Amino acid sequence: MKARVDEELRIVLDDPAAAGLSPGTEIGVVITDPGQEWFWSEEWQAKEREVDEHLAAGRTERFDSSEAFLAALEASAKPGVMERVTALEANDANADL
């Protein structure tokens, strides 16, 4: 099927009937930044849908401050995770010297 993009950034099918469409049928198109292909990958989109499901079900939590958020994150982290984060932060700080 041949198509072209017109001056108004619309896709115009040369033969809409070949695609099973009527002339003038509008179709949705997403034009992405080439550096953001990862966002449109099936794996990433599955995670986006998972987040949407959590939001719709009300499985969210709000924090009054970044300190409260970090404390909750630290409390829920698997053993050893926060120690590794602290070590990585120390390495980053030393790299700036």
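From a predicted model like this one, the values you see are computed outputs, not experimental measurements. (Residues numbered from 1 in each chain as written. Predicted model: local features only at pLDDT ≥ 70, side-chain atom pairs only at ≥ 80, totals over all residues. Heavy atoms only, no water.)

### A few points about the overall build of the protein chain
What the protein chain contains, in helices and strands, is three helices and two strands. Along its sequence from the N terminus, the protein chain presents helices and strands in the succession β-β-α-α-α. Out of the 97 residues in the protein chain, the part that is buried amounts to 4%. Sequence separation of at least 24 residues holds for 0% of the intrachain contacts in the protein chain that already meet a minimum separation of 6. (Helix = DSSP H or I, 4+ residues; strand = E, 2+ residues; numbered from the N terminus. Buried < 20%, exposed > 50% of the residue type's maximum accessible area, 1.4 Å probe, protein only. Contact = heavy atoms within 4.5 Å.)

### Considering the packing of aromatic side chains
All chains considered together, the criterion is met by three aromatic pairs. Each ring, one from Trp38 and one from Phe39, has its centre 5.8 Å from the other, and the planes form 85°; the classification is edge-to-face. Of the residues examined, Trp38 reaches a relative accessible area of 46% and is grouped as partly exposed. Aromatic side chains Phe63 and Phe69 sit 5.5 Å apart centroid to centroid with 70° between the ring planes, which places their arrangement in the edge-to-face category. Residue class for Phe63 comes out partly exposed when judged on its relative accessible area of 30%. The class of Phe69 is partly exposed, set by a relative accessible area of 40%. (Phe/Tyr/Trp six-rings, centres within 6.5 Å; stacked < 30°, edge-to-face > 60°.)

### So, the pattern of salt bridges
Under the definition given, this model contains two salt bridges. Linking Arg49 and Glu42 is a salt bridge whose minimum nitrogen-to-oxygen distance equals 2.6 Å. Take Arg49: its relative accessible area is 40%, and that puts it in the partly exposed class. Classification of Glu42 as exposed rests on a relative accessible area of 57%. Between Glu50 and Lys47 there is a salt bridge, with the nearest N and O atoms lying 3.7 Å from each other. Of this pair, Glu50 and Lys47 both sit in helix α1 (residues 42-56), three residues apart, roughly one helical turn. (Salt bridge = Lys/Arg side-chain N within 4 Å of Asp/Glu carboxyl O.)

Note that every value here comes from positions in space, so none of it alone points to a role or purpose.
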